[in-house]
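Structural characterization, general
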Amino acid sequence: MPKVVLVNPSNSTVGFSFMTPRWAFVLAQATPTDLVEELIIVDETLKPFDPKILNPGDIVGIGFGSTNCFPAYRVMAAAKKRSALVVAGGIHPTIFPKEPLTFGADAVVTGNGDRVWPTVVEDALAGNLQKQYVGGRLPGEAMVKANWKLLNPTKYMSPTVQTVVGCPENCSFCSVWITDGRQPRQRLGDTIIEEMNELHDLG
């Protein structure tokens, strides 16, 4: 069975980070681990991505915004050289879904990846990967909580717990209202508290 590697690309590596890349821990929770050999999160703010961990057919998910799209495409190129399947997602691919494909991505996920990611993995394993998957804008109660069991708390100053998505404003410098809409969607309080308790237990 192939492995799934989730990469948070970075312009620099300093060995620690201010905040956790929440998206990676959410997709880790959403990954059907019974179908894959191993699940790995690589945060390049902590250590550089090493393509040698990949074998042909492994699935690499890369989440990125516009500020780290160049390192994302570097990771993508390295993964493709190892014959891995690359899936791009995040703010930048949501706004510019065709661009990652021109840089070699096998598929692009737009919007929330929480619920569509298992389908992406299943399709990749079946040899039926589509070019684009629309994650859409999930209601708060449908959002998947993060898998904090994969977190090394000594490497981050602060965790990230999402409480709401969407914003009624339309600030010119912000992409939230474009990618997540102007209708705020609140996560369930019990799931937020559950995550907070898990992170508290991790110290």
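Each remark here, short or long, concerns the structure printed above.
Now for a description of the structure that goes with this document. (Residues numbered from 1 in each chain as written. Predicted model: local features only at pLDDT ≥ 70, side-chain atom pairs only at ≥ 80, totals over all residues. Heavy atoms only, no water.)

Here's the deal with the packing of aromatic side chains
Here is the rule: Two rings from Phe, Tyr or Trp (for Trp, the six-membered ring) form a pair when their centres sit within 6.5 Å of each other. Planes less than 30 degrees apart are called stacked, planes more than 60 degrees apart edge-to-face, and all others tilted. Helix and strand assignments come from DSSP, with helices taken as H or I runs of at least 4 residues and strands as E runs of at least 2, each series counted from the N terminus. Partly exposed describes any residue whose relative accessible area lies between the buried limit of under 20% and the exposed limit of over 50%, with all areas from a 1.4 Å probe on protein chains only and scaled to the type maximum.
Scanning the entire structure with this criterion turns up three aromatic pairs. Aromatic pair Tyr73 and Phe103: ring centres 3.9 Å apart, planes at 5 degrees, arrangement stacked. You can see Tyr73 sitting in helix 2 (residues 69–81) and its partner Phe103 sitting in the loop between helix 4 (98–102) and strand 6 (107–111), a full 30 residues away along the chain. Tyr73 sits in the buried class, given a relative accessible area of 8%. For Phe103, a relative accessible area of 46% gives the class partly exposed. Cluster of aromatic residues (ring-pair linked, three or more members): Phe64, Tyr73 and Phe103.

Considering unusual backbone geometry
At Ser83, a residue that is not glycine, the phi angle is positive and equals roughly 60 degrees. Look at Ser83 and you get partly exposed, because its relative accessible area is 45%.

As for the pairing of strand 6
In plain terms, the rule: Paired strands are those between which DSSP finds at least two bridges. If you view a crossover with the strands going away from you and the path from the first strand over the helix to the second runs clockwise, you call it right-handed.
Burial of strand 6 is extensive: four of the five residues sit out of reach of the surface. In this structure, strand 5 (residues 85–89) lies alongside strand 6, joined through three bridges in parallel fashion. Note on strand 6: the bridge partner recorded for Val87 is Ala107. Sheet topology places strand 6 next to strand 7 (residues 132–136); four bridges connect them, and they run parallel. Counterpart to Val109 in the pairing with strand 7 is Tyr133. Regarding the hand of the β-α-β motif, the stretch spanning strand 6, helix 5 (residues 117–125) and strand 7 is left-handed.

A look at the nonpolar core
The cut-off we apply is this: We call a set of buried Ala, Val, Leu, Ile, Met, Phe, Trp, Tyr and Cys residues a nonpolar core when their side-chain atoms join them within 4.5 Å. It only takes one pair of heavy atoms within 4.5 Å for two residues to be counted as in contact.
Residues Val5, Val60 and Ile62 are the most contacted members of the largest nonpolar core, which totals 19 residues. Elements with a minimum of two residues in this core: strand 1 (4–8), strand 3 (39–43), strand 4 (59–63), helix 2 and strand 5. The biggest single contributor to this core is helix 2, with six residues. Setting aside anything within four residues of it in sequence, one finds Val5 in contact with Ile40, Val42, Phe49, Ile53, Leu54, Ile59, Val60 and Gly61.

Observations concerning the pairing of strand 4
Within a regular strand, side chains alternate between the sheet's two faces. In terms of burial, strand 4 is largely enclosed, as five of its five residues are buried. Because side chains alternate across strand 4, one face comprises the buried residues Ile59, Gly61 and Gly63, and the other comprises Val60 and Ile62, equally buried. By the bridge criterion, four bridges tie strand 1 to strand 4 in an arrangement that is parallel. In the strand pairing of strand 4, Val4 is matched with Ile59. Two strands pair when backbone bridges link them, and strand 4 and strand 5 are joined in this way by five bridges, in the parallel orientation. Paired with Gly63 across the strands is Gly89, a residue of strand 5. Taken together, strand 4, helix 2 and strand 5 form a β-α-β motif whose crossover is right-handed.

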